[in-house]
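Breakdown of the fold
Okay, here's what each chain looks like letter by letter:
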Amino acid sequence: MASTGKRKRDATAAAAALAPAVAEPGPVLSEGMLQFKKAVQELKNKAQTKITALTGLADLHYAECEQVAQILTEEIAGAVTSRIQPLVSVMDSVLKKVGKDYRQHLAARLPACMQAVYSRTEAIMHDWLGKMLELSWRKHDLLPLDVLDMLDAILTGQPLPAPPAVAPPQDPRQTA
């Protein structure tokens, strides 16, 4: 599709214009990660231009996708209710448009993030998140099936599925 390249260029240009470099000290986060974190913290509504710009920033900083996933999930987990939908919409956009490595890192962090959100939000938010899970993440196979099932259990208030049992290692001297 020819339009995909144009949208990607537009997203990258919008991302560059969204947040100027941040001059905060921080040995853990690079300048690009500080820029992404500031832009995420400034997101207050579901304005498509801002979501597209944040997706572009995530794409621009693909080499640091683990940190991007951490910043995004921590922000979602601690956000006031009115900011959860815009932040989850950014995450959905990143899952769909940026790449496989993001899926891996977000899949590892999403269950704890959604537990935090579920525990402090009302039924209307639970319903919206359930629709996002079914109509986007599950429909488009954006996350591994076990993670989707875990998220479904969290968002419906069910007990989490038990992890697979692992047999303890045997002493080789006892098997002879």
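Presented here is a report on the structure given in the accompanying data block.

What counts, and at which threshold
Residues numbered from 1 in each chain as written. Predicted model: local features only at pLDDT ≥ 70, side-chain atom pairs only at ≥ 80, totals over all residues. Heavy atoms only, no water. Helix = DSSP H or I, 4+ residues; strand = E, 2+ residues; numbered from the N terminus. Contact = heavy atoms within 4.5 Å. Areas by Shrake-Rupley, 256 points an atom, 1.4 Å probe, with all protein chains shown as cover. Core = buried A, V, L, I, M, F, W, Y, C linked by side-chain atoms within 4.5 Å. Buried < 20%, exposed > 50% of the residue type's maximum accessible area, 1.4 Å probe, protein only. Phe/Tyr/Trp six-rings, centres within 6.5 Å; stacked < 30°, edge-to-face > 60°.

Observations concerning the overall build of the protein chain
Looking only at helices and strands, the protein chain features 8 helices and 0 strands. The contacts of the protein chain with a sequence gap of at least 6 include a subset with a gap of at least 24, amounting to 68%. If you sum the accessible surface of the protein chain, you get close to 10,100 Å²; carbon and sulfur atoms cover 57% of it.

Let's talk about the nonpolar core
Generally speaking, soluble globular proteins have nonpolar side chains that are buried together. Core analysis: the biggest nonpolar cluster contains 44 residues, and Val88, Met91, Met114 and Trp137 have the highest contact counts within it. For this core, the secondary-structure elements that each account for two or more residues are α2 (31–42), α3 (48–60), α4 (65–78), α5 (81–97), α6 (100–120), α7 (123–138) and α8 (145–155). Excluding residues within four positions of it along the chain, Val88 makes contact with Ile76, Met114, Trp128, Leu129, Met132 and Trp137.

What about the environment of Gln115?
Note on placement: Gln115 falls in helix α6. Put simply, Gln115 and Ala77 are 38 residues apart on the chain and 8.3 Å apart in space, counted from C-alpha to C-alpha. Non-local contacts of Gln115, meaning those with residues more than four positions away in its chain, are made with Ile154 and Leu160.

A closer look at the packing of aromatic side chains
Overall, the coordinates contain 1 aromatic pair when judged by the stated rule. Judged by centre distance (5.6 Å) and plane angle (75 degrees), the rings of Tyr62 and Tyr102 are edge-to-face. With Tyr62 in the loop between α3 and α4 and Tyr102 in helix α6, this pair connects stretches of sequence that are 40 residues apart. According to the relative accessible area criterion, Tyr62 is partly exposed, its value standing at 28%. Judged by relative accessible area, which is 1%, Tyr102 ranks as buried.

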